[in-house]
Amino acid sequence: MSASAQEINNLINQEYKQGFVTELETDTFPIGLDEDVIHKLSKVKNEPEFMLEYRLKAFRHWQTMKSPEWAFVKFDPIDYQAISYYSAPKRKEDGPKSLDEIDPQVLEAYKKLGIPLDEQERLAGIAVDAVFDSVSVATTFKGKLKDAGVIFCPISEALREHPELIKEYLGSVVPHTDNYFAALNAAVFTDGSFVYIPKGVRCPMELSTYFRINAANTGQFERTLIIADEGSHVSYLEGCTAPMRDENQLHAAVVELVAMKDATIKYSTVQNWYPGDKNGLGGIYNFVTKRADCRGDNSKVSWTQVETGSAITWKYPSCVLTGDNAVGEFYSVALTNNYQQADTGTKMIHIGKNTRSTIVSKGISAGKAQNTYRGLVKVLKSAENARNYTQCDSLLVGDQCGAHTFPYIEVKQPSAQVEHEATTSKISEDQLFFCQQRGLSAEDAVSMIVNGFCKEVFKELPMEFAVEAQALLGLSLEGSVG
Amino acid sequence: MLSIKNLTVNVNDKQILKGINLEIKPGEIHAIMGPNGSGKSTLSHILSGKAGYTVTGGSVTYQGKDLLEMAPEIRAREGVFLAFQYPVEIPGVSNIYLLKAALNSIRKHHSQPEVDAMDFLTLVKDKVRLLEMDEKFLYRAVNEGFSGGEKKRNEILQMAILEPKLCILDETDSGLDIDALKIVSEGVNSLRAADRSFVMVTHYQRLLDYIKPDFVHVLAHGQIVKSGGAELALELEEKGYSWVEDSKAAI
Ligand SMILES: Nc1ncnc2c1ncn2[C@@H]1O[C@H](COP(=O)(O)OP(=O)(O)O)[C@@H](O)[C@H]1O
Ligand SMILES: [Mg+2]
């Protein structure tokens, strides 16, 4: 007989293939957080003095703040004194890294994740920055990018080598006072990527960063900054995985994008942090602040995210459309299963004239999971002829999960046009039976139907990343025909 | 090919099929006629493995195996095909993608390699032409926004490509205008083969003008109350179902 609703629930339960642990010698701080830890962190990273001051300012501010409670997620209070704020694979000495110096275990871990870093095997046409716990362990194709004038390096390196850019842009989109997790991140961030695309340059290859959490009892505090100068163009993708553990682990990231006049940034995420087990034990708390400032006229930022992992996702990649004719896009697939919780969406802030934004959100909820879309479209008085189109679809698998939609719309400019469409549907037993009657297993049928539901978003992922996205996603993308 | 013996089936504790007996040999076409609610779709669903039915007695043997033991996708891969009375829509999944996935899952079951992309395209275009469909349908989401008749034609397209052994057509003729009925019938006729059998569920005689059955069975109140040759359909058309229903009451 065909699968019942309960059986369907189990079908998208796929084994978490990235749940292995790499045994390594590490440099790890003792748990706990105070100003001494921040001093130590800044020192181990060899940072300029201004960074230490910035961190301390953020830390002091964070101590005055409270953990936010408005999101539709439930979790026990996090004990910030029980976390270690720095963990890195041991290295013999400091100085410029070559691949030979990287612990072979770390290389092996990335290989297992489908991201070979060595010269012969690395991905053609894609530059990779590999962040392992608190440090970047390798960045490929740096030379080739440098020839084009592109800077692509770990942010900790950028702090030392490009302090003028850091001073100008870091915290300019997401200030350290922005929110609780952003303040914490500003105080203790460890690594992430830095990208600068000079005027008029079209980045010759795709850039990507793979974030891997490996060590136990640590938090990962990613910081990424991408600056696209006038008329430039860049496409960037990040992927994320972590071992299976019974304890929750925190990944609190801040990502800032700046697009100058006529610049375009395409930012794609395939988030596959460990989601916890079937009973809701363990998993990553993914508390992320991502924001783009479309500062120049005709600038464009497009966020595409495929969120399948994490116990809790709290994330709203946003666009501040400052320049005239600026364009902001948000394409999202968020899949929650078992006891996963996701509260995700976007903010589109229209400031410039003729600014345009598009939001396409696909939420899939299975098991006992809760999936929330939360979006703000704000049109300021200055944003004449601003336009927004929002489409927000939810798909329920089984009847014990929930989907929620909270669209907030604030319009202060009468010429603005804001459209919102929302649907909620269920995978019906009739659809499933139909597919099985054509020879597909129930599992393949669910996957096919879910993929069909997400098609509009998947087609926004850069082609070059399709294979990796597939590997990380655990869901097969629809094939080349049709 | 198929042997149904004393099959009784409940839905929600209500008996719907009350002892069905049917023997189908390779190459035969059997028409099953009967009034609304007599259990025709229930029989089609039981043969193809839909959930929600309880078999309370009897057996179904397909190619020497116990059909009722098999998962629905295994039945499909073993050659059982149901053209649905009400085909469902699957948004976002293109027709051609579904066809390829279905064909490959069947091929895999028979230890055959995945179909070659070019061969597949040739095959599909062939069958699209046979059913006088527009190629655009291949790239549209499965049945989404299709008219009733287009959905039915699409079912036959799938059948033509998957080449099943036992084809069950549940009221494929309803919703088709006369031209479409002709085309679909030609499609079905082109699939007739010595090792392929058909069960055609229909209300109306008119389909049988185009696809000539070897046997006609009349289903009423969950039982086959009368069986005969193609001429039985004509007689039914003339006298109405009350004729056979009454004859059953007389037994
Ligand atoms: N899920 C169900 N629950 C209750 N009764 C059902 C269900 N499915 C079918 N039936 C009943 O079974 C009988 C036969 O239905 P069906 O097989 O669809 O008839 P037909 O296809 O011949 O019109 C009808 O009386 C119908 O109401
Ligand atoms: Mg019926």
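Q: Can you walk me through the overall build of chain A in this structure?
A: When helices and strands are tallied, chain A shows 11 helices and 22 strands. A sequence separation of at least 24 residues applies to 84% of the contacts in chain A between residues at least 6 apart. In the form shown here, chain A has an accessible surface area of approximately 18,200 Å², with 49% of it arising from carbon and sulfur atoms.

Q: Explanation requested: the overall build of chain B in the structure shown.
A: Scanning chain B from terminus to terminus reveals 10 helices and 12 strands. Relative to the 2.2 N^0.38 estimate, which gives 18 Å for 251 residues, the radius of gyration of chain B is 18 Å and therefore close to what a compact globule would have. For the C-alpha atoms alone, the extent of chain B along its principal axes is close to 60 × 40 × 35 Å. Taking as baseline every contact in chain B between residues at least 6 positions apart, the subset at least 24 positions apart corresponds to 69%. Carbon and sulfur atoms provide 49% of the accessible area of chain B, an area that totals close to 10,600 Å². Both charge centroids of chain B, one from 29 positive and one from 34 negative side chains, sit 2 Å from each other.

Q: Can you help me understand helix α3 (residues 49-63) of chain A in this one?
A: Residues and elements named next belong to chain A. Given a rise of 1.5 Å per residue, 15 residues ought to cover 21 Å, and the 22 Å separating the end C-alpha atoms of α3 matches this to within 8%. Three or more residues of α3 are buried, namely M51, L52, Y54, R55, L56, A58, F59 and W62. Buried residues along α3 sit against α2 (35-44), α6 (155-161), α7 (163-169), α8 (180-188) and β8 (223-228).

Q: What is the right way to read the coordination of the magnesium ion (ligand 2) from this model?
A: Reference values for coordination geometry: four tetrahedral donors around a metal ideally subtend 109.5 degrees, six octahedral donors ideally subtend 90 or 180 degrees. All names here are of chain B. All of the protein donors around the magnesium ion (ligand 2) are S41 (OG) and Q85 (OE1); their distances to the metal are 2.1 to 2.3 Å. Here Q85 lies in the loop between β6 (80-83) and β7 (90-94) and S41 lies in helix α1 (residues 40-48), a separation of 44 residues in the sequence. Residue classification places Q85 among the buried positions, given a relative accessible area of 15%.

Q: So what exactly am I meant to see when it comes to the state of the cysteines here?
A: Note on terminology: disulfide describes a covalent bond linking the sulfur atoms of two cysteines. Residue and element names in this part refer to chain A. Under the criterion given, the structure shown has zero disulfides over all chains. The thiol of C153 is not disulfide-bonded; the next cysteine sulfur, from C203, is found 13 Å away. Taking relative accessible area as the criterion, C153 reaches 3% and is therefore assigned buried. With a relative accessible area of 11%, C203 lands in the buried category.

Q: I'm lost on the site of ligand 1 in this one. Help?
A: Residues and elements named next belong to chain B. In the vicinity of ligand 1, the contacting residues are V11, N12, K14, I16, P35, N36, G37, S38, G39, K40, S41 and T42. Here an oxygen atom of ligand 1 and a backbone polar atom of S38 are 3.3 Å apart. S41 is positioned with one of its backbone polar atoms (N or O) 2.8 Å from an oxygen atom of ligand 1. Protein contact buries 62% of the 560 Å² of open area that ligand 1 shows by itself. Only β2 (14-24) and α1 provide two or more residues apiece to the shell around ligand 1. When residues in the shell around ligand 1 are grouped by element, the largest group, three residues, is from α1. Considering only residue class, the shell around ligand 1 consists of three nonpolar, seven polar and two charged.

Q: How do you make sense of the sheet that holds strand β4 (residues 54-62) of chain B when you look at a structure like this?
A: Pairing between the strands of a sheet is mediated by backbone hydrogen bonds and can be parallel or antiparallel. All names here are of chain B. Pairing within the open sheet is antiparallel, and its four strands lie in the order β2-β1-β4-β5. Here the strands that pair on one side only, and so sit at the sheet edges, are β2 and β5 (65-66). Relative to β4, strand β1 (residues 2-11) runs antiparallel, the two being bridged by seven bridges. Within β4, the residue paired with N10 across the bridge is T54.

Q: Help me out: how do you make sense of the sheet that holds strand β9 (residues 166-170) of chain B in this one?
A: Residues and elements named next belong to chain B. A sheet is described by the order of its strands in space; here six strands give the open sequence β6-β9-β10-β3-β11-β12, paired in mixed fashion. The open sheet terminates on both sides in strands that have one partner only, identified here as β6 and β12 (223-228). With strand direction ignored, the average angle separating the axes of adjacent strands in the sheet is 20°. Pairing of strand β3 (residues 29-33) with strand β11 (residues 215-220), which is carried by four bridges, proceeds in the parallel orientation.

Q: Explanation requested: the interface of chain A and chain B in the structure shown.
A: The extent of an interface is frequently quoted as the accessible surface area lost upon association of the parts. Opposite the 24 residues of chain A that make contact, chain B presents 38 residues. With both sides pooled, the region where chain A packs onto chain B buries about 2,600 Å², and carbon together with sulfur makes up 66% of that total. At the junction of chain A and chain B, the tally comes to two salt bridges. Mapped by element, the contributors of at least two residues to the side of chain A that touches chain B are α9 (429-437) and α10 (442-458) of chain A. At seven residues, α9(A) tops the list of elements feeding residues into the side of chain A that touches chain B. Looking at the side of chain A that touches chain B residue by residue, the class counts come to 11 nonpolar, nine polar and four charged.

Q: Is there a simple way to think about the nonpolar core in this case?
A: What tends to happen in soluble globular proteins is that the nonpolar side chains get buried as a cluster. Core analysis: the largest hydrophobic core is formed by 133 residues, its most contacted members being A:Y80, A:Y110, A:F194, A:L250, B:L2 and B:L7. Looking at this core, the element that brings in the most residues is α10(A), giving nine residues. Discounting residues that sit within four places of it in the chain, A:L250 has contacts with A:I78, A:Y80, A:I83, A:L184, A:T218, A:G219, A:Q220, A:F221, A:Y285 and A:F287. B:V115, B:L176, B:F198 and B:A233 belong to the second-largest nonpolar core, a separate cluster that totals 47 residues.

Q: For this particular structure, what's the right way to read the pattern of salt bridges?
A: It is possible for side chains of opposite charge to pair when their charged atoms get near one another. This model, assessed by the stated rule, comprises 24 salt bridges over all chains. With its nearest N and O atoms 2.6 Å apart, the salt bridge here joins A:E47 to A:R55. Judged on exposure class, the residue A:E47 and its partner A:R55 are both buried. Salt-bridge contacts for B:E23 lead to B:K5; the nearest nitrogen and oxygen are separated by 4.0 Å.

Q: Quick question: what am I supposed to make of the pairing of strand β19 (residues 370-379) of chain A here?
A: Consecutive residues of a regular strand have side chains that alternate between opposite faces of the sheet. Residue and element names in this part refer to chain A. Counting buried positions along β19 gives eight out of 10 residues, so the element sits mostly inside the fold. Where strand β17 (residues 341-350) meets β19, 10 bridges bridge the pair, whose relative direction is parallel. Counted as the bridge partner of I349 is K378 from β19. Where β19 meets strand β21 (residues 402-411), 10 bridges bridge the pair, whose relative direction is parallel. Each bridged residue has a counterpart across the sheet, and for L376 the counterpart in β21 is Y408.

Q: For this particular structure, what's the right way to read the environment of B:Q63?
A: Residue and element names in this part refer to chain B. Structurally, Q63 is set in the loop between β4 and β5. Linking Q63 and L166, residues 103 residues apart in sequence, is a C-alpha distance of 10.0 Å. In contact with Q63, not counting residues within four places along its chain, are M1, E78 and K165.

Q: It is not clear to me how the packing of aromatic side chains should be interpreted in this structure. Could you clarify?
A: This model, assessed by the stated rule, comprises 20 aromatic pairs over all chains. Their ring planes at 50° and their centres at 5.5 Å tell us that A:F434 and B:F84 sit as a pair that is tilted. Here the residue A:F434 occupies a position in helix α9, and B:F84 occupies one in the loop between β6 and β7, the pair thus bridging two chains. B:F84 shares its class with A:F434; the two are buried. In textbook terms, an aromatic cluster arises when at least three aromatic residues are bridged by ring pairs, as seen for A:F59, A:W62, A:F75, A:Y80, A:Y180, A:F181, A:Y285, A:F287, A:W314 and A:Y316.

Q: Can you help me understand the environment of A:P116 in this one?
A: Considering the arrangement of structural elements, one finds A:P116 in the loop between α4 (104-112) and β3 (126-132). Residue A:P116 is classed as buried on the basis of its relative accessible area, which comes to 14%.

About the criteria used
Residue positions are given per chain, counting from 1 as you read along its sequence in written order. For naming, the first written chain is A and the first written ligand is 1, with later ones following in the order written. Reporting in this predicted model follows two pLDDT cut-offs: at least 70 for local features of residues, and 80 or more for side-chain atom pairs to be given and counted; totals over whole chains, interfaces and linings ignore these cut-offs and use all residues. Only hydrogens and water are set aside when side-chain values are computed; all heavy atoms of the structure are taken into account. Secondary structure is summarised from DSSP: a helix means a run of H or I of at least four residues, a strand means a run of E of at least two, and numbering begins at the N terminus for each. Contact definition: two residues touch when any of their heavy atoms are within 4.5 Å. Areas reported as accessible are Shrake-Rupley estimates using a 1.4 Å probe. Residue values count occlusion only from the protein chains shown. Radius of gyration: C-alpha atoms only; globule rule: 2.2 Å multiplied by the number of residues to the exponent 0.38. Within this scheme the basic residues Lys and Arg register as positive and the acidic residues Asp and Glu register as negative, but His and the chain ends are omitted. To locate a charge, take atom NZ for lysine, CZ for arginine, CG for aspartate or CD for glutamate. Expected span of a helix: the number of residues minus one, times 1.5 Å. Remark: exposure states derive from per-residue accessible area (1.4 Å probe, protein chains only) relative to the maximum for the residue type, with buried under 20%, exposed over 50%, and partly exposed in between. Note on donors: an N, O or S atom is included if it sits within 2.8 Å of the metal, or within 3.2 Å for Na, K and Ca, and water is never included, so sites can look incomplete. For the purposes of this analysis, a disulfide is any pair of cysteine sulfur atoms at a distance within 2.5 Å. Any residue with at least one heavy atom within 4 Å of a molecule or strand is counted as near it. N or O atoms within 3.5 Å of each other form a polar contact, as long as, within protein, one can give a hydrogen and the other can take it, and as long as residues adjacent in sequence are counted only when both atoms are side-chain atoms. Amino acid classes used here: Ala, Val, Leu, Ile, Met, Phe, Trp, Tyr, Cys and Pro are nonpolar; Asp, Glu, Lys and Arg are charged; the rest, including Gly, are polar. When DSSP finds at least two bridges between two strands, those strands are taken to pair. Here the axes come from fitting lines to C-alpha atoms, over the contacting stretch only for helices, and the angles between their N-to-C directions go from 0 to 180 degrees. The quantity reported as buried area is the accessible area (1.4 Å probe) lost by two parts once they are put together, taken as the sum for both. Just to be clear on terms, a salt bridge is a Lys or Arg side-chain nitrogen sitting within 4 Å of an Asp or Glu carboxyl oxygen. By convention a nonpolar core is built from buried Ala, Val, Leu, Ile, Met, Phe, Trp, Tyr and Cys residues, the set being connected through side-chain atoms within 4.5 Å. Two rings from Phe, Tyr or Trp (for Trp, the six-membered ring) form a pair when their centres sit within 6.5 Å of each other. Planes less than 30 degrees apart are called stacked, planes more than 60 degrees apart edge-to-face, and all others tilted.

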